[in-house]
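Spelled out, the chains give:
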Amino acid sequence: MAALSPWPIVRRGDEDHPVPSLQYLLRARGQTVTVDGDFGPRTETAVRAFQSQKHLTVDGIVGPQTWGALIITVRRGSQGDAVRAVQEEFQFRNLSGDPSKGPQIDGIFGPVTERFVRDFQQAIKADVPSMAVDGIVGPMTWQALISGMLSF
């Protein structure tokens, strides 16, 4: 039986997955940052500000404690940058090269995003039986997404 992959360690200089999701979550938490997939000085400043707000170690490095504080539970009906982070995760897993095969990154958690979440949870549950298949992106689902488990 497998476990969830660990939260990734993300720091300045990193590019691509999961940096866009990090940037969306920082925005959802009130930080001003551009979602460009590049962990540069502005993203590091936003991470440090967030860490300071949450009384975490202020090192500009996003590890398990910072991820745990950043994530926001989202479900059908949710809107905003945290939903965009979920949708970004499914576009990252979309290996078809056709963005229409994944949910659009529109920040609206509707039936399409919910279907992708449930399918992802079902696939993870095959290896991690404690994964709930409820269409809600809570801590376990976030960790599986951000850590890069599964591609479709």
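Residues numbered from 1 in each chain as written. Predicted model: local features only at pLDDT ≥ 70, side-chain atom pairs only at ≥ 80, totals over all residues. Heavy atoms only, no water.

**Some thoughts on helix H5 (residues 111–125)**
- Its 15 residues place the ends of H5 21 Å apart at the C-alpha level, agreeing with the 21 Å of an ideal helix rising 1.5 Å per residue.
- Among the residues making up H5, those that are buried are Thr113, Glu114, Phe116, Val117, Phe120, Gln121 and Ile124. Looking straight down H5, one finds that the buried residues subtend no more than 160° of arc, so they occupy a single side.
- Residues of H5 that are buried make contact with helix H4 (81–93) and helix H6 (139–146). (Helix = DSSP H or I, 4+ residues; strand = E, 2+ residues; numbered from the N terminus. Expected span 1.5 Å × (residues − 1). Buried < 20%, exposed > 50% of the residue type's maximum accessible area, 1.4 Å probe, protein only. Arc of directions from axis to C-beta. Contact = heavy atoms within 4.5 Å.)

**Let's talk about unusual backbone geometry**
- The amide bond that connects His17 to the next residue, Pro18, takes the cis arrangement and shows omega of 0°.
- With respect to the helices and strands, the residue Pro18 is situated in the segment before helix H1 (19–28).
- With phi around 65°, Asp16 is a residue other than glycine that occupies positive phi space.
- Inspection of the secondary structure assignment puts Asp16 in the segment before H1.
- Look at His55: it is not a glycine, yet its phi comes out positive at around 60°.

**What about the nonpolar core?**
- With 37 residues, the main nonpolar core has Leu22, Trp67 and Trp142 as its most contacted residues.
- For this core, the secondary-structure elements that each account for two or more residues are H1, helix H2 (41–53), helix H3 (64–70), H4, H5 and H6.
- Here Trp67 is in contact with Trp7, Pro8, Val10, Pro18, Leu22, Leu25, Val62 and Ile146, once residues within four sequence places are set aside. (Core = buried A, V, L, I, M, F, W, Y, C linked by side-chain atoms within 4.5 Å.)

**A few points about the side chain of Glu88**
- Mapped onto the fold, Glu88 is located in helix H4.
- One buried charged side chain, Glu88, makes no salt bridge at all; its nearest oppositely charged neighbour is Arg93, positioned 8.3 Å away.
- When residues no more than four places from it in sequence are discounted, the contact partners of Glu88 are Pro20, Ser21, Tyr24 and Ile105. (Lys, Arg positive; Asp, Glu negative; His and termini not counted. Salt bridge = Lys/Arg side-chain N within 4 Å of Asp/Glu carboxyl O.)

**Thoughts on the packing of H5 against H6**
- For the pair H5 and H6, interaxial distance at closest approach is 11 Å and the crossing angle is 85°. In terms of orientation, H5 and H6 fall into the roughly perpendicular class. Side by side, H5 and H6 meet where Phe120, Gln121 and Ile124 of the first sit next to Thr141, Ala144 and Leu145 of the second.
- A breakdown of the residues in the contact of H5 with H6 according to their chemical character gives four nonpolar, two polar and no charged. (Axes fitted to C-alpha atoms, helices over the stretch in contact; angles between N-to-C directions. Parallel < 35°, antiparallel > 145°, perpendicular 65-115°, else oblique. Nonpolar A, V, L, I, M, F, W, Y, C, P; charged D, E, K, R; others polar.)

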